[in-house]
Amino acid sequence: ETGVTQTPRHLVMGMTNKKSLKCEQHLGHNAMYWYKQSAKKPLELMFVYNFKEQTENNSVPSRFSPECPNSSHLFLHLHTLQPEDSALYLCASSQERYPNTEAFFGQGTRLTVV
Amino acid sequence: GQQVMQIPQYQHVQEGEDFTTYCNSSTTLSNIQWYKQRPGGHPVFLIQLVKSGEVKKQKRLTFQFGEAKKNSSLHITATQTTDVGTYFCAGRNSGGGADGLTFGKGTHLIIQP
């Protein structure tokens with residue numbers, strides 16, 4: 001248990017579905033992140049939030065929509081995804097967004113788009 | 001943009017042998033972090049290096065940060081089956097820009113008993 005909880009752990013969705021991934025951290029951290037982990041690519045940073053404000057969007061398609069209602073919760077809303085979006089989606093948090101802090105990862109949501 | 005390359009991609013060793021993974025960045029890093037991901041698990045932080053030429057040890061693991069702060073290595077002495085997993089390096093660009101970490105592709109360590 002890392003203090004970062006992601007739900008659901010597994011998700012299968014059709015290309016026309018709308019679903020949401022949830023992340024919650026109990027560490028009192030200020031920054032939260034979404035990463036995508038595919039089989040043959042490095043961990044890809046998708047979004048960064050610091051004090052609930054989005055500070056980075058790494059050219060992520062608009063079919064992925066993040067939401068950060070408070071410093072403890074982060075959502076990733078999904079709609080009209082493609083099969084190539086199938087991957088492990090990892091949420092992470094850190095104390096602050098400046099360089100000298102470690103990231104705590106959740107266990108991830110294994111997403112399959114059919 | 002910043003790129004972090006890691007080699008080798010896969011490493012098979014006999015239990016008890018040593019293991020090393022290397023990480024190279026296309027840009028100077030403000031710091032470098034190392035993570036381990038067990039099969040089916042999530043990345044877990046191991047260590048952070050900040051200073052040029054820094055060397056840190058954790059039991060059988062030795063981490064080094066290059067003098068130019070563009071490369072790093074992780075060396076495991078006398079591997080054990082519990083060392084199985086993927087080892088990632090991750091860095092932040094010292095020139096500013098992204099606040100999130102840029103990860104290498106990782107080195108998969110496979111240990112044969």
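Right, let's walk through the structure included here. (Residues numbered from 1 in each chain as written. Chains lettered and ligands numbered in written order. Predicted model: local features only at pLDDT ≥ 70, side-chain atom pairs only at ≥ 80, totals over all residues. Heavy atoms only, no water.)

1. Quick look at the overall build of chain B
And then number 1: Counting its regular elements, chain B contains zero helices and eleven strands.
And then number 2: Walking chain B from its N terminus toward its C terminus, one meets helices and strands in the order β-β-β-β-β-β-β-β-β-β-β.
And then number 3: Computed over C-alpha atoms, the radius of gyration of chain B comes to 14 Å, within 12% of the 13 Å expected from 2.2 N^0.38 for 113 residues, which places it in the range of a compact globule.
And then number 4: Judged by the C-alpha coordinates and their principal axes, chain B covers about 45 × 25 × 20 Å.
And then number 5: Out of the 113 residues in chain B, the part that is buried amounts to 48%.
And then number 6: Taking as baseline every contact in chain B between residues at least 6 positions apart, the subset at least 24 positions apart corresponds to 55%.
And then number 7: Put simply, chain B shows about 5200 Å² of open surface, and 50% of that area lies on carbon and sulfur atoms.
And then number 8: Between the mean site of the 11 positive side-chain charges and the mean site of the 7 negative ones, chain B shows a separation of 6 Å. (Helix = DSSP H or I, 4+ residues; strand = E, 2+ residues; numbered from the N terminus. Rg over C-alpha atoms; globule rule 2.2 N^0.38 Å. Buried < 20%, exposed > 50% of the residue type's maximum accessible area, 1.4 Å probe, protein only. Contact = heavy atoms within 4.5 Å. Areas by Shrake-Rupley, 256 points an atom, 1.4 Å probe, with all protein chains shown as cover. Lys, Arg positive; Asp, Glu negative; His and termini not counted. Charge placed at Lys NZ, Arg CZ, Asp CG, Glu CD.)

2. Examining the sheet that holds strand E7 (residues 64-70) of chain A
Residue and element names in this part refer to chain A.
And then number 1: Taken together, four strands build an open sheet; the order of strands is E1-E3-E8-E7 and the sheet is antiparallel. The two strands at the open ends of the sheet, each matched to only one other strand, are strand E1 (4-7) and E7. Neighbour-to-neighbour, the strand axes of the sheet open up by a mean angle of 20°, direction not taken into account. (Pairing = 2+ DSSP bridges. Axes fitted to C-alpha atoms, helices over the stretch in contact; angles between N-to-C directions.)

3. Quick look at the interface of chain B and chain A
And then number 1: Facing 19 residues of chain B, the contacting portion of chain A comprises 23 residues.
And then number 2: Taken together, the connections running from chain B to chain A amount to zero salt bridges.
And then number 3: Our count for the chain B to chain A interface comes out at three residue pairs in polar contact (both at pLDDT 80 or more).
And then number 4: Secondary-structure elements contributing two or more residues to the side of chain B that touches chain A are strand E4 (29-37), strand E5 (44-49) and strand E9 (85-93) of chain B.
And then number 5: If one sorts the elements of the side of chain B that touches chain A by residue count, E4(B) sits on top with five residues.
And then number 6: Split into classes, the residues belonging to the side of chain B that touches chain A amount to eight nonpolar, eight polar and three charged. (Salt bridge = Lys/Arg side-chain N within 4 Å of Asp/Glu carboxyl O. Polar contact = N/O pair within 3.5 Å; in protein donor to acceptor, adjacent residues only side chain to side chain. Nonpolar A, V, L, I, M, F, W, Y, C, P; charged D, E, K, R; others polar.)

4. What about the sheet that holds strand E7 (residues 61-65) of chain B?
All names here are of chain B.
And then number 1: One open sheet holds the five strands; their spatial order is E1-E3-E8-E7-E6, and the pairing between them is antiparallel. Each edge of the open sheet is held by one strand with a lone partner, namely strand E1 (4-7) and strand E6 (55-58). Along the sheet, successive strands turn relative to each other by an average axial angle of 15°, direction set aside.
And then number 2: By the bridge criterion, five bridges tie E7 to strand E8 (residues 71-76) in an arrangement that is antiparallel. For Gln 64, the partnering residue across the bridge sits in E8 and is Ser 73.

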